[in-house]
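The chain contents come next:
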Amino acid sequence: ENIQNHIKSLNFNYRVNLREKNVTYLNKLGCFKDAHTLEVTDKKGKKSEITSSRFIIAVGGRPTDLDCEGGELAISSDDIFSLKKNPGKVLCVGASYISLECAGFLAGLGHDTTIAVRSILLRGFDRQCADKIGHYMESHGVKLKKKVVPKKLEKVDGDRIQVTFSDDSTDIYDTVLVAIGRTADTAKLGLDAVNVKSMQNNGKIPTTDEQTTCPNIYAIGDVMEGCPELTPVAIQAGVALSRRLFGGSNKSMDYQNICTTVFTPIEYGTVGLSEEDAIEKYGESNLEVYHKEFLPLEWSLTESRSVHKAFTKVIVDKSNEKVLGIHFLGPNAGEVMQGYGTAMKKGITFTDLAETVGIHPTSAEEIVTLSVTKSSGEDAAAGGC
């Protein structure tokens, strides 16, 4: 109830902000008739038309459904906070950050939680960090069922769900939560009528500087192909587009070096390239990777947490010392990483990092005191307090 009330309060505040900015809000479903005409339908089915010189598509996405027999028995991350009953024993399908975050807090609340992993955890993120997250979660009771996908869901014992996996193994759960990606909410927009192309696999719209294949129609946020699915990214892209259209700016949205954090039981903050992407782009011999394992002070005070180590690494271009990626696994990773986003946009070098005085005793200071490289073969475990 508290969560639903919080969401309602957010929606109310958005409506108030729109009204204060003299923006008319229409709770209607839109469908393009032509490049300058939108047919809209209200909740009673009444239709009307809106004309405009430009349109911006910002419909976002919806969780992708589980495509197997009985897939309708599963819920999504949108539903987990609206359940009328205890979720009980839970299967989280998918290895996305949403799946891992949900599995993390469900296990933290004491639920028997399993993640079905088709291939790898956190595709697109740094592999070393993703693997460390997996090990940490397993040590905290989350079970990883690897190299499988559900192929059948069926009701048993009343409301329980028996899942048959692709390896023909079975198990019974109270709740099956699917987080295998998101599909852009574009199916009913009538994009064909305005020659706006969309991706067949996910409904997303390819753009150039947010401009679609129809010159007066733009797309921002999760609906745009290649855009990080993060609310602040959509907001910033909208601001940049508005400034170009109406403020005389010619500055494009910068989709590189965007900070993000995965809120798993051990938080993971990152900005810039993963080690794999850096190797692919620059070549392994042209990189230096500084890394460190360390024990955060707050973890050292309890026996259960002191058996684990936090981790950070910085990926550097040898030719000019430019920092290409920063990764941090540990407490308050989002808070730690935010400031480094600005530094990355300004082209920070490793010398800049090394000459920065750390704040002691914090976890964040571990980033500016890195000295051990992977190529040296030295132990990455940190000593001291």
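Structure: above.
A brief report on the enclosed structure follows. From a predicted model like this one, the values you see are computed outputs, not experimental measurements.

Moving on to the sheet that holds strand E12 (residues 170-173). Spatially, E10-E11-E12 is the arrangement adopted by the 3 strands of the open sheet, whose pairing is antiparallel. In this open sheet, the two strands that pair with only one neighbour each are strand E10 (150-156) and E12. Each neighbouring strand pair of the sheet contributes to a mean axis angle of 25°, computed without reference to strand direction. With 4 bridges connecting them, strand E11 (residues 160-165) and E12 associate as antiparallel partners. Bridging across to E12, threonine 164 finds its partner in threonine 170.

So, about a positive patch on the surface. A cluster of like positive charges, contributed by Lys28, Lys43, Lys44 and Lys46, occupies part of the molecular surface. Mapped onto the fold, lysine 28 is located in the loop between helix H1 (2-20) and strand E1 (29-34).

Moving on to the pairing of strand E20 (residues 323-329). Counting buried residues along E20, 7 of its 7 residues qualify, which places the element largely inside the surrounding structure. Direction of pairing for strand E17 (residues 268-272) relative to E20: antiparallel, over a ladder of 5 bridges. Among the inter-strand pairings, valine 271 is bridged to a residue of E20, identified as isoleucine 326. Here 6 bridges tie strand E19 (residues 310-317) to E20, and the two strands are oriented antiparallel to one another.

Moving on, we get to the packing of aromatic side chains. Following the criterion strictly, the structure yields 6 aromatic pairs and no others. For the pair phenylalanine 125 and tyrosine 268, a centre-to-centre distance of 5.9 Å together with 65° between the ring planes defines the contact as edge-to-face. Placement of the pair is phenylalanine 125 in the loop between strand E8 (113-117) and helix H3 (127-139) and tyrosine 268 in strand E17, with a sequence separation of 143 residues. Each member of the pair, phenylalanine 125 as well as tyrosine 268, carries the same accessibility label: buried. Ring geometry for phenylalanine 294 and phenylalanine 328: centres 6.0 Å apart, planes at 40°, overall tilted. Here phenylalanine 328 lies in strand E20 and phenylalanine 294 lies in strand E18 (residues 287-294), a separation of 34 residues in the sequence.

With that settled, consider a negative patch on the surface. Taken together, the side chains of Asp131, Glu276, Asp277 and Glu280 define an acidic patch exposed on the protein surface. Looking at the negative patch element by element, the count peaks at 3 residues for helix H5 (residues 275-282). Tracing the sequence through the fold places aspartate 131 in helix H3.

Definitions and cut-offs
- Residues numbered from 1 in each chain as written.
- Predicted model: local features only at pLDDT ≥ 70, side-chain atom pairs only at ≥ 80, totals over all residues.
- Heavy atoms only, no water.
- Pairing = 2+ DSSP bridges.
- Helix = DSSP H or I, 4+ residues; strand = E, 2+ residues; numbered from the N terminus.
- Axes fitted to C-alpha atoms, helices over the stretch in contact; angles between N-to-C directions.
- Patch = residues over 30% accessible without salt bridge, like charges linked within 9 Å, V, L, I, M, F, W, Y side chains within 5 Å.
- Areas by Shrake-Rupley, 256 points an atom, 1.4 Å probe, with all protein chains shown as cover.
- Salt bridge = Lys/Arg side-chain N within 4 Å of Asp/Glu carboxyl O.
- Lys, Arg positive; Asp, Glu negative; His and termini not counted.
- Charge placed at Lys NZ, Arg CZ, Asp CG, Glu CD.
- Buried < 20%, exposed > 50% of the residue type's maximum accessible area, 1.4 Å probe, protein only.
- Phe/Tyr/Trp six-rings, centres within 6.5 Å; stacked < 30°, edge-to-face > 60°.

Just geometry here; none of it tells us what the structure is for.
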